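So the chains spell out like this:
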Amino acid sequence: MTTQGNATDETLLKSQRHERILAMLKRSGQVHAGALGELFKVSAYTIRRDLDELADAGALQRVHGGAVLASHVPKSYEERKGSGIGEKTQSARAALALIAEDDVVIIDGGSTTAALVQALPTGYPATFITHSPAIANELLRRSVQETILIGGRLDPHSRVAVGALPVEAYAKISADICFLGIWGLNISQGVTSPYYDEAQVRSAMVGAANKVVGLAVADKLGTGGPFTVAPASALTHLSVEEGVPGELTRPFEEIGIRILRPGPQS
């Protein structure tokens, strides 16, 4: 009976630890294994096991020294395009004023960047470069000064060109600004993607522009994924929707990223 009682107590304690770890992740976006061990007064092995179990359950993403929230944003473009339309439009419009006449602008694929293009004034006098056929089509509808479509193997999930061709093409471009769709973003991993090939192209995009603007909504901040695009510090700006709590954006402000929000302050 004593053994059963101890096992029950241990299970309850583990359950409570898991709940508190997830609550801390939702509040701050990241936890460190060493600090968790001190907080719960358990061994490093126990904390590693807790984090591994939560990772196996899809609740978090393990990173060096701890964990971040796992991104639950749908991976495919088809699943993403109909979700959070209002928030994505706010995020996109907050970043729109950064585009100047005669700029060379790189536009990522995705539903948030599509909202940015749809908000452009008709006939905007700038050059836009994208590896997304859907974004190129939207740019043509807006009759912008020039649209350049970069080709490659079309990924059926993200609906963008991937592989060596777009990576090499972006390496030869010096753009004024890049608008990057954010799938996951945290301080430890930086900008993340669910697919390796997509991450490689986005990494090349980041390296091709003077300013790099991440377009994100609240549920993507503090989350992580399997493939890193670039460190968080590679972003010069982070554009979010109205009402995003300061605790979600503060870690990025502290490393020098300018936060853009809808309204006069953006």
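Whatever comes next refers back to the structure up there.
Counting restarts for each chain: residues are numbered from 1 in the order of the written sequence. In keeping with the predicted nature of the model, local features appear solely for residues at pLDDT of at least 70, side-chain atom pairs appear and are counted solely at 80 or more, and the whole-chain, interface and lining totals rest on all residues. Note that water and hydrogens are dropped before the side-chain values are worked out from all heavy atoms of the structure.

Caption draft 1: Summary view of the overall build of the protein. Secondary structure elements are taken from DSSP: a helix is a run of H or I of four residues or more, a strand is a run of E of two residues or more, and numbering for both begins at the N terminus. The secondary structure content of the protein amounts to 10 helices and 16 strands. Expressed as a percentage of the 266 residues in the protein, the buried residues total 49%. Relative to all contacts within the protein whose residues are 6 or more apart in sequence, the contacts with residues 24 or more apart total 61%. Between buried and exposed lies partly exposed: a residue is buried under 20% and exposed over 50% of the maximum accessible area for its type, with that area taken using a 1.4 Å probe on protein chains only. Only heavy atoms matter for contacts: two residues are in contact if any of them lie within 4.5 Å across the pair.

Caption draft 2: Quick peek at the pairing of strand E11 (residues 190-193). Pairing between two strands requires that DSSP report at least two bridges joining them. Relative to E11, strand E10 (residues 184-186) runs antiparallel, the two being bridged by three bridges. From the neighbouring strand, Leu 185 faces E11, where its bridge partner is Val 191. Relative to strand E14 (residues 227-230), E11 runs antiparallel, the two being bridged by three bridges. Looking across to E14, one finds that Val 191 is bridged to Ala 230.

Caption draft 3: Layout of helix H3 (residues 44-56). Helices are assigned an expected span. That span is 1.5 Å times one less than the residue count. Given a rise of 1.5 Å per residue, 13 residues ought to cover 18 Å, and the 18 Å separating the end C-alpha atoms of H3 matches this to within 8%. Downstream of H3 by one or two residues, Gly 58 has phi in the positive range, about 80 degrees.

Caption draft 4: Helix H10 (residues 246-253), seen in detail. Within H10 the residues assigned to the buried category are Leu 248, Thr 249 and Phe 252. End-on, the buried residues of H10 take up no more than an arc of 75 degrees, which puts them together on one face. Each C-beta atom gives one direction from the helix axis, and the arc is the one those directions make.

Caption draft 5: Region of the structure containing the pairing of strand E5 (residues 127-130). Residues Thr 127 and Ile 129 of E5 are buried on one face, and the alternating residues Phe 128 and Thr 130, pointing to the opposite face, are buried as well. In the sheet, strand E4 (residues 104-107) pairs with E5 via four bridges, with the strands oriented parallel. Each bridged residue has a counterpart across the sheet, and for Val 104 the counterpart in E5 is Thr 127. By the criterion used throughout, a crossover qualifies as right-handed when its path from the first strand across the helix to the second strand runs clockwise, the strands pointing away from the viewer. In this fold, the crossover linking E4 to E5 by way of helix H6 (residues 111-118) has right-handed handedness. Relative to strand E6 (residues 146-149), E5 is paired through four bridges, and the arrangement is parallel. The partner of Thr 130 across the bridge, within E6, is Leu 149.

Caption draft 6: Inspection of the packing of aromatic side chains at higher detail. Aromatic pairing here means that ring centres of Phe, Tyr or Trp (its six-membered ring) are within 6.5 Å. Orientation follows from the plane angle: under 30 degrees is stacked, over 60 is edge-to-face, and everything else is tilted. Inspection of every chain in the model, using the stated rule, returns one aromatic pair. Judged by centre distance (5.7 Å) and plane angle (75 degrees), the rings of Tyr 196 and Phe 227 are edge-to-face. With Tyr 196 in helix H9 (residues 196-206) and Phe 227 in strand E14, the pair connects residues that are 31 residues apart, well separated along the chain.

Caption draft 7: Fine view of the pattern of salt bridges. Should a side-chain nitrogen of Lys or Arg be within 4 Å of a carboxyl oxygen of Asp or Glu, the pair is scored as a salt bridge. Per the stated rule, a full pass over the model turns up seven salt bridges. Between Glu 53 and Lys 14 there is a salt bridge, with the nearest N and O atoms lying 3.4 Å from each other. Placement of Glu 53 in helix H3 and of Lys 14 in helix H1 (residues 2-28) is noted, with a sequence separation of 39 residues between them. Looking at Glu 53, the relative accessible area reads 30%, which means it is partly exposed. A salt bridge links Asp 108 to Arg 202; its shortest N-O distance comes to 2.8 Å. Highlighted residues: Asp 108 in the loop between E4 and H6 and Arg 202 in helix H9, separated in sequence by 94 residues. When salt bridges that share partners are traced, they join Asp 108, Glu 198 and Arg 202 into one network.

Caption draft 8: Just the sheet that holds E11, in detail. Read across the sheet, three strands follow the order E10-E11-E14 without closing on themselves; strand pairing throughout is antiparallel. The open sheet has two free edges, formed respectively by E10 and E14, since each of these has just one partner strand. Across this sheet, the average inter-strand angle for adjacent strands is 35 degrees, counted without regard to direction. An axis is simply a line fitted to the C-alpha atoms; with a helix, the fit covers only the stretch in contact. Between two such axes, the angle follows the N-to-C directions and lies from 0 to 180 degrees. Strands in contact with H9 are E11 and E14; relative to E14, the strand with the most contacts, it is inclined by about 10 degrees.

Caption draft 9: Here's a closer look at unusual backbone geometry. One non-glycine residue, Ser 143, adopts positive backbone phi at about 55 degrees. Relative to the elements of secondary structure, Ser 143 occurs in the loop between helix H7 (133-141) and E6. For Arg 159, which is not a glycine, the phi torsion comes out positive at approximately 65 degrees. Secondary-structure assignment places Arg 159 in the loop between strand E7 (153-154) and strand E8 (161-162).

Caption draft 10: Region of interest: the packing of helix H5 (residues 85-96) against H6. Contact geometry of H5 with H6 gives a least axis separation of 8 Å together with a crossing angle of 55 degrees. The orientation of H5 relative to H6 falls into the category oblique. Remark: the crossing between H5 and H6 carries right-handed chirality. For the pair formed by H5 and H6, the contact residues are Lys 88, Thr 89, Ser 91, Ala 92 and Leu 96 on the first element and Ser 111, Thr 112, Ala 115 and Leu 116 on the second. Should an angle lie under 35 degrees it is considered roughly parallel, over 145 roughly antiparallel, and from 65 to 115 roughly perpendicular; all remaining angles are considered oblique. The crossing is said to be left-handed when, going from far helix to near helix, the turn is anticlockwise and less than a right angle, and right-handed when the turn is clockwise.

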